[in-house]
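As a plain string of letters, each chain reads:
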Amino acid sequence: MSGGRDPGLQPERTRLSWRRMMLALTVVTALAVRLASTGGTGGALAAGVAVLVWGALLMLCWPRGTGTGPARTGGRTLPLVALGTVTLASLGVLLALRGLW
């Protein structure tokens with residue numbers, strides 16, 4: 001056995017995982033914009049925040065999802081993606097609660 005590492009299908013699974021996350025973020029953003037569209041000025045602000053966070057996350061995830069970016073980014077990508085995901089989730093919860101009352 002040679003000393004080299006055989007990654008097998010791991011790089012492809014990683015790319016597919018990042019693509020699934022980008023798709024999920026797109027769906028959540030579309031739903032947030034739809035919920036916020038009836039909220040007047042506050043809704044427009046919430047929709048704008050959702051779209052801005054989605055754009056920032058897409059810029060972070062796109063290179064990894066397409067395989068064109070570096071495999072390692074010094075540990076900066078995952079915390080930023082987690083923060084953006086929590087922001088979108090919180091916005092979604094607030095919009096859903098606003099819709100219940």
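Residues numbered from 1 in each chain as written. Predicted model: local features only at pLDDT ≥ 70, side-chain atom pairs only at ≥ 80, totals over all residues. Heavy atoms only, no water.

1. Overview of a nonpolar patch on the surface
- Residues Leu23, Val27 and Leu31 make up a contiguous nonpolar surface patch of roughly 280 Å² in combined accessible area.
- With respect to the helices, strands and loops of the structure, Val27 is situated in helix H1 (residues 10–36).
- A relative accessible area of 44% places Val27 in the partly exposed class. (Patch = residues over 30% accessible without salt bridge, like charges linked within 9 Å, V, L, I, M, F, W, Y side chains within 5 Å. Areas by Shrake-Rupley, 256 points an atom, 1.4 Å probe, with all protein chains shown as cover. Salt bridge = Lys/Arg side-chain N within 4 Å of Asp/Glu carboxyl O. Helix = DSSP H or I, 4+ residues; strand = E, 2+ residues; numbered from the N terminus. Buried < 20%, exposed > 50% of the residue type's maximum accessible area, 1.4 Å probe, protein only.)

2. Concerning helix H2 (residues 40–66)
- Along its 27 residues, H2 runs 37 Å from first to last C-alpha, staying within 8% of the 39 Å computed at 1.5 Å per residue.
- The axis of H2 is deflected most strongly, by about 35°, at Leu60, and proline Pro63 appears within four residues downstream.
- When H2 is considered as a whole, its buried residues turn out to be Gly43, Ala46, Ala47, Ala50, Val53, Leu57, Cys61 and Gly65.
- Directly after H2, the chain includes Gly67, whose backbone phi takes a positive value near 80°. (Expected span 1.5 Å × (residues − 1). Bend = angle between axes of the 7 residues up to and from the residue.)

3. Some words on the side chain of Thr29
- Along the chain, Thr29 turns up in helix H1.
- On the basis of relative accessibility, which here comes to 5%, the residue Thr29 falls in the buried class.
- Polar contacts involving the side chain of Thr29 include one to the main-chain carbonyl oxygen of Leu25, which spans 2.8 Å.
- Residues contacting Thr29, with those up to four places away along its chain left out, are Ala50, Val51, Trp54 and Leu88. (Polar contact = N/O pair within 3.5 Å; in protein donor to acceptor, adjacent residues only side chain to side chain. Contact = heavy atoms within 4.5 Å.)

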